[in-house]
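Breakdown of the fold
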Amino acid sequence: MSLSELLRGFRARARLTQAALAEEAGLSEQAISVLERGTRSRPRMDTIRSLTAALGLDADEAEQFLAVARGKRHEPRSHAPEAEIPVASDALPVPWQLPPAVPDFTGRAAQVEAILSVLRAPAGLRSDAVGLVTVTGMGGIGKTALAVQAAHRLADSYPDGHLYLNLRGYGPGQPMSAADALRQLLRSLGVDTQLIPEAVEEAAALLRSQLAGRRMLMLLDNAADGRQVMPLLPGSPGSAAIITSRGSLAALPGARQIRLDALSESESIELLSGVIGRSRVAAEPDAAEMLISFTGRLPLAVRLIGGRLAARPAWPIQHLVDLLHDEERRLDSLGSDETGVRASIASSVRFLESSDRDLDREAARALPLLSIPDGADLLTVVAAHLLDVPVRRADAILERLVDLNLLESVAPEHYRFHDLIRAYARELADQALTPPVRDAGLERILRFYTGFAWACQSLTHEASPRLRLATIHIKPIAALADTVPALAWLDDEQRNVMDRFRQASVSSLVRSDLLPELTLALFGYHESRSRWHEMRDLSAGMVELAEQRGLAAVAAWLEHDRAIPEAENGDLDIALAHLANALQRFRRLSDLTGQARCCTSLGHVLEQLGRLDEALDFTRQALALSLQIGDATIEGVSFVALGVLHNRLGQLAEAEDAFAQSIRLAEDSGDHRSLAKRYLNIAKSHVATGQIERALPSVFSSIEVAERSGNSNAESEARELAAVVYARLGEFATAAQHARSSLQLTRTVRNRLREGRVLFQLGRIMALEGKHTEAIDVLSQATEVLRDASPKIQREAVELIGQIQRAETITFGPTLF
């Protein structure tokens, strides 16, 4: 039985007319008529639920109605109790994310019809390709309003839902990355965050799989270019996308291109009438036309100015025209077509400035300074430091700006400027704020980041000697309650930290003590997350700056830490040079702790280079220094290094004794991070010296300690090594299982380098299993992830793909990575 027949039968039994059923279900009479005619066979699930209730269907009838509506054959389940048949409980997530269509949408009839003609289709109708429409034009021209209006009118054609995403393509800071966009779309489709791949290609494939067989409409707003959009598009017919952008998207294959110009004068007057009322426009037609001329006939500007008039019914239109005359003269020097937009934003700011409320006037004063920092979002706590006010007051200011549409609230405690409003606010800042005032606000943000980073390092590396160099401390906040939330906070804010650090580097803060201290403070975060790429970028020039500022100890530690990304990426000679320089700096300072740490690091790098005698000499120096100063942490690290060297020299008994002493010291200190790391390094040493089976107990001890302490980063590294060990033993299925577990954990902690490395290991394991097609796919993902994280390992992945394609014998090679 078809849906239309079923609905007519149920309605007849209930003795309801179409109009009566529509009223009872909260639907339109047209919607009931369309369903009964069979024009639409796949209605929205909330429509089915409303009809089920209005028709008084029992559990079996409700199940039958739902099954037919979803295009499935109904098999009665008379044995199931009524309470066990939850209507629509097994339905896939049906997102309805479209912003509301503006009620006074004006004009654009031809453009709306053009979109509908491409994307409108009766329910269930399939086509050969994904429907694509692009809407382009200048900022404030009404691209989003048009796209939303059309999308709402397409609801019947896409019963499986609508997705909306602002790609932030134009504005200060970086556009949303394809990876972040894919993550947000997949979350909207009900995919567990932990199951979303970090690799763009893999995540894009998962998105296409989620959309396959469904009729969904995507609205991708404010795209930067076609490259940003391509990974986000559906891959199979049935679904469609509308994309808006300021730039041309002509290169997007198969898309219908729509370019918007300004509204006509009559359309602008009609829009203004819809906002403030036709009678007011009719009473002052000349003033209304003059007002429209100041808007540049851009919908955004008309709405903003109209909104101000609507909130002031006693104001004549001419009064606002007079005010905008003043604004136009003040902004005349800008000389662009955006004068109207600037004027409309200025009128909202003027409203705050002239208000009787202290909060309004404070919000107006805050607007220029809030626009200064680069980056995507602005957190409430960051804004508080920027404005130098308490967090509660900052929250009130931000919310008041949201009320006036001068700021967007994108999530709790997360705010974002519309790009046009930020541009205007920055012009205000240039006029009203001196460079020292602007830079002082940026400095307060960086001081907060520095204090947060030091607090995070005290959680991740509580025995770090770097902590003694902290000069900036902040009041505790919720994110600093434990290691996990502290690292997660920096994960989310890391891009903004980088953007604002770079911004400071081209300001008067370029010579500030703050920059090298922030770099050093972030050591704990970078090391915990293996963010070597960011550590290297941030440290460029900081040793020299610290030295010039008389911060000799900071310079020495930065020189030491500058070696870490190089060593991790295999550039051992460069790392060696940095460590040798750092050792000399620490010797000049008579800093025994720094010297001891440099000696352990030198021993590690020299051991990797095969210079064992030199490595042994530096390691013994480190042990002697650690005993002299009573530093159990460096003593334990030194014993691990000695054990590694004894292993390399074939002195197995000495190696085991050194390893045992290092483990005892970590256990005595209660330092779980160090304990897990030492077990891991012991296992690596056994693997590197061919003692594969002896590595397993240490690997599992590292995994157990990491799991017990909730250290996902350490556990992912240990499981990566477990994959290597089992692969060396020829147990490929177990090896692949550990590699996949490591990959999932690594993506949870957003460790891009290890993600690429684990993908490389997994691809190598698959190749050894003879799964060549799957191996090449995984290795291709690895090359994408490793492009920036580690070009050296990326080259190895590319070489391995070539070996597989040439059918050469695959081995695990002499080294771990």
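Since the model is a prediction, treat every value here as computed from it, not as a measurement.

Our next topic: the sheet that holds strand β2 (residues 162-166). The sheet built from five strands is open, its strands ordered β2-β3-β4-β1-β5 with parallel pairing. Only two strands of the sheet have a single partner each, and these edge strands are β2 and β5 (256-259). Ignoring which end each strand starts from, the neighbouring axes of this sheet average 15 degrees apart.

Our focus in this paragraph is the sheet that holds strand β8 (residues 414-416). Pairing between sheet strands relies on hydrogen bonds along the backbone, with the strands arranged either parallel or antiparallel. Pairing is antiparallel in the open sheet, where three strands are placed in the order β6-β8-β7. Of all the strands in the sheet, the pair left with one neighbour each is β6 (378-379) and β7 (408-411). Note: β6 against β8, two bridges, orientation antiparallel. Across the sheet, leucine 379 pairs through a bridge with histidine 414, a residue of β8.

This paragraph deals with empty space enclosed by the protein. The tally for this structure, following the rule as stated, stands at four cavities of 30 Å³ or more. When its volume is computed, the largest cavity comes out at roughly 70 Å³. Surrounding the largest cavity, Phe105, Thr106, Arg108, Gly142, Ala145, Leu146, Leu263, Leu271, Pro299 and Arg303 form its lining. When contributions to the lining of the largest cavity are tallied by element, the ones reaching two or more residues are α7 (143-153) and α14 (299-310). Considered class by class, the residues forming the lining of the largest cavity number six nonpolar, two polar and two charged. Considering the residues around the second largest cavity, the lining is formed by Thr519, Leu520, Leu522, Phe523, His526, Met535, Ser539, Leu558, Asp561 and Arg562. Residue assignment for the lining of the second largest cavity shows that the elements contributing at least two residues are α23 (514-521), α24 (523-529), α25 (532-539) and α27 (552-568).

Considering all chains together, one arrives at eight aromatic pairs under this definition. Ring centres of phenylalanine 448 and tryptophan 489 lie 5.9 Å apart, and the angle between their planes is 80 degrees; on these two criteria the pair is classed as edge-to-face. Here phenylalanine 448 is found in helix α21 (residues 435-460), whereas its partner tryptophan 489 is found in helix α22 (residues 483-504), with 41 residues between them in sequence. Taking relative accessible area as the criterion, phenylalanine 448 reaches 1% and is therefore assigned buried. For tryptophan 489, a relative accessible area of 14% gives the class buried. Connected via pairs of aromatic rings, a cluster forms that spans Phe448, Tyr449, Phe452 and Trp489. Across the ring face of tyrosine 158, the terminal group of arginine 215 is positioned such that the distance to the ring centre comes to 5.0 Å. Positioned above the aromatic ring of phenylalanine 523 is the side chain of arginine 466, whose terminal nitrogen or guanidinium carbon lies 3.6 Å from the ring centre.

Where helix α6 (residues 109-119) meets α7, the axes come as close as 10 Å, and the angle between the chain directions of the two elements is 50 degrees. What the angle tells us is that α6 and α7 run oblique. As α6 packs across α7, the resulting crossing turns out to be right-handed. Residues Gln111, Val112, Ile115 and Leu116 of α6 touch α7, and the partners they reach there are Leu146, Ala150 and Arg153. By residue class, the composition of the contact of α6 with α7 is five nonpolar, one polar and one charged.

On to the confidence of the model for the chain, then. For the chain, the average pLDDT comes to 86, and 90% of its residues sit at 70 or higher. Within the model, pLDDT remains below 50 along residues 77-91, and this stretch shows 15 contacts once partners closer than five positions in the same chain are excluded. Low pLDDT, under 50, characterises residues 327-340; the predicted model gives this stretch 21 contacts beyond four residues in sequence or across chains.

It is a probe the size of a water molecule, rolled over the atoms, that shows where empty space is left. By volume, the second largest pocket amounts to about 360 Å³. Lining the second largest pocket are 15 residues, with His385, Val389, Phe448, Ile474 and Lys475 positioned closest to its centre. Counting only elements with at least two residues in the lining of the second largest pocket, the list comes to α18 (380-387) and α21. Tallied by class, residues from the lining of the second largest pocket come to nine nonpolar, two polar and four charged.

What follows deals with the pattern of salt bridges. Applying the stated rule across the entire model yields 44 salt bridges. Residue glutamate 198 pairs with arginine 183 through a salt bridge whose shortest N-O separation is 3.0 Å. Of the two residues, glutamate 198 sits in the loop between α8 (178-188) and α9 (200-211) while arginine 183 sits in helix α8, which places them 15 residues apart along the sequence. Like glutamate 198, the residue arginine 183 is buried in the burial classification. Arginine 664 is the salt-bridge partner of aspartate 668, the closest N and O atoms lying 3.5 Å from each other. A residue pair is termed a helical-turn pair when its members lie 3 or 4 positions apart in one helix, as aspartate 668 and arginine 664 do in helix α32 (residues 652-669) at four residues. A single network of salt bridges, built from pairs that share partners, joins Lys677, Lys684, Glu717, Glu720, Arg754 and Arg757.

Before going further, it helps to spend a moment on the environment of leucine 433. Of note, leucine 433 is situated in the loop between α20 (419-432) and α21. Classification of leucine 433 by relative accessible area gives buried; the value is 16%. Separated by 64 residues in sequence, leucine 433 and leucine 369 have C-alpha atoms that sit 7.9 Å apart. Here leucine 433 is in contact with Pro368, Leu369, Leu428 and Arg438, once residues within four sequence places are set aside.

The rules behind each value
Residues numbered from 1 in each chain as written. Predicted model: local features only at pLDDT ≥ 70, side-chain atom pairs only at ≥ 80, totals over all residues. Heavy atoms only, no water. Pairing = 2+ DSSP bridges. Helix = DSSP H or I, 4+ residues; strand = E, 2+ residues; numbered from the N terminus. Axes fitted to C-alpha atoms, helices over the stretch in contact; angles between N-to-C directions. 1 Å grid on protein atoms, 1.4 Å probe; cavity = no way out; pocket = protein on both sides within 12 Å on 5 of 7 lines; lining within 4 Å. Points joined across faces, edges and corners; volume = space filled by probe spheres on them. Nonpolar A, V, L, I, M, F, W, Y, C, P; charged D, E, K, R; others polar. Phe/Tyr/Trp six-rings, centres within 6.5 Å; stacked < 30°, edge-to-face > 60°. Buried < 20%, exposed > 50% of the residue type's maximum accessible area, 1.4 Å probe, protein only. Lys NZ or Arg CZ within 6 Å of the ring centre and 35° of its normal. Parallel < 35°, antiparallel > 145°, perpendicular 65-115°, else oblique. Left-handed = near helix turned anticlockwise from the far one by under 90°. Contact = heavy atoms within 4.5 Å. pLDDT = per-residue confidence, 0-100. Salt bridge = Lys/Arg side-chain N within 4 Å of Asp/Glu carboxyl O.

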